[in-house]
Amino acid sequence: MIIFAIIVAYNPNINELNQLCNQLSKNGVEIVLVENSEKNILKVEIDVSVIAVIELESNQGIAHAQNVGIAYALDQGADIIVFFDQDSIINSEFIPNLLSPIKNSDPIVVAPVFFDEQQSFEYPSFRFNRINLLDKIYS
């Protein structure tokens, strides 16, 4: 199973981004950084050598940048694609825990819980109920 992480970067904090990339790399994840800014500094500033960096030369929007990353990952044979923000913080158990529901099953979508540490607040996920209204889902 080939796992790719797509990280769209716009003027990122390089130290935070390096920490995320290093943790993903330790988990055997292939990393695609899509630089969605004019600076084009990622190829020089990122520590991990297994990263593919795609420079868009300008801010073309996160959806476009993610689609560019998806196309690259699929061309490289990705079985699973995971999205991260440039300032995401994960631990060594994050990837195994995230992927555990999809082992040996049909393709599905899984998502992490977003927790705002500054506000001590968990943002809900949403699911449509039987009458097509949204229900909030908490971990």
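Above this text you will find the structure in question.
Keep in mind the model is a prediction, meaning the values are calculated, not measured.

K.L.:
Teacher, can you tell me more about the sheet that holds strand S4 (residues 80-85) here?
P.N.:
Hydrogen bonds between backbone atoms are what pair the strands of a sheet, whose relative direction is either parallel or antiparallel. In space, the four strands of this open sheet follow the order S3-S2-S1-S4, with parallel pairing throughout. Two strands lie at the open edges of the sheet, namely strand S3 (51-55) and S4, each paired on one side alone. Taken pair by pair, the neighbouring strands of this sheet meet at an average axis angle of 20 degrees, ignoring direction. Pairing analysis gives six bridges linking strand S1 (residues 3-9) to S4, with the strands arranged parallel. Of the residues in S4, the one forming a bridge with isoleucine 6 is phenylalanine 83. Across the face of the sheet, helix H3 (residues 62-75) comes into contact with S1, strand S2 (30-35), S3 and S4 while running at roughly 150 degrees to S1.

K.L.:
Would you explain the side chain of glutamine 23 in this entry?
P.N.:
Inspection of the secondary structure puts glutamine 23 in helix H1 (residues 14-26). Excluding its chain neighbours within four sequence positions, the residues that come into contact with glutamine 23 are Ile90, Asn91 and Ser92.

K.L.:
Even after reading the chapter, I still don't get unusual backbone geometry, so can you show me in this structure?
P.N.:
Negative phi characterises most residues that are not glycine, and trans characterises most peptide bonds. Within the chain, asparagine 11 stands out as a residue other than glycine whose phi angle is a positive 45 degrees. By the element assignment, asparagine 11 lies in the loop between S1 and H1. Residue class for asparagine 11 comes out partly exposed when judged on its relative accessible area of 33%. Notably, glutamate 57 is not glycine yet its phi reads approximately 75 degrees, a positive angle. Position of glutamate 57 relative to the elements: it lies in the loop between S3 and H3.

K.L.:
For this particular structure, what's the right way to read the nonpolar core?
P.N.:
Burial of nonpolar side chains together is a common tendency in soluble globular proteins. Ile7, Leu24, Leu33 and Phe84 are the most contacted members of the largest nonpolar core, which has 25 residues in total. For this core, the secondary structure elements donating two or more residues are S1, H1, S2, S3, S4 and helix H4 (94-99). Top contributing element to this core by residue count: H1, with five residues. Each residue touching leucine 24, except ones within four places of it in the same chain, is listed here: Ala5, Ile7, Val29, Ile31, Phe84, Ile90 and Ile95. Within the second largest apolar cluster, ten residues are counted, among which are Phe4, Val32, Leu56 and Ala78.

Rules used in this analysis
Residues numbered from 1 in each chain as written. Predicted model: local features only at pLDDT ≥ 70, side-chain atom pairs only at ≥ 80, totals over all residues. Heavy atoms only, no water. Pairing = 2+ DSSP bridges. Helix = DSSP H or I, 4+ residues; strand = E, 2+ residues; numbered from the N terminus. Axes fitted to C-alpha atoms, helices over the stretch in contact; angles between N-to-C directions. Contact = heavy atoms within 4.5 Å. Buried < 20%, exposed > 50% of the residue type's maximum accessible area, 1.4 Å probe, protein only. Core = buried A, V, L, I, M, F, W, Y, C linked by side-chain atoms within 4.5 Å.

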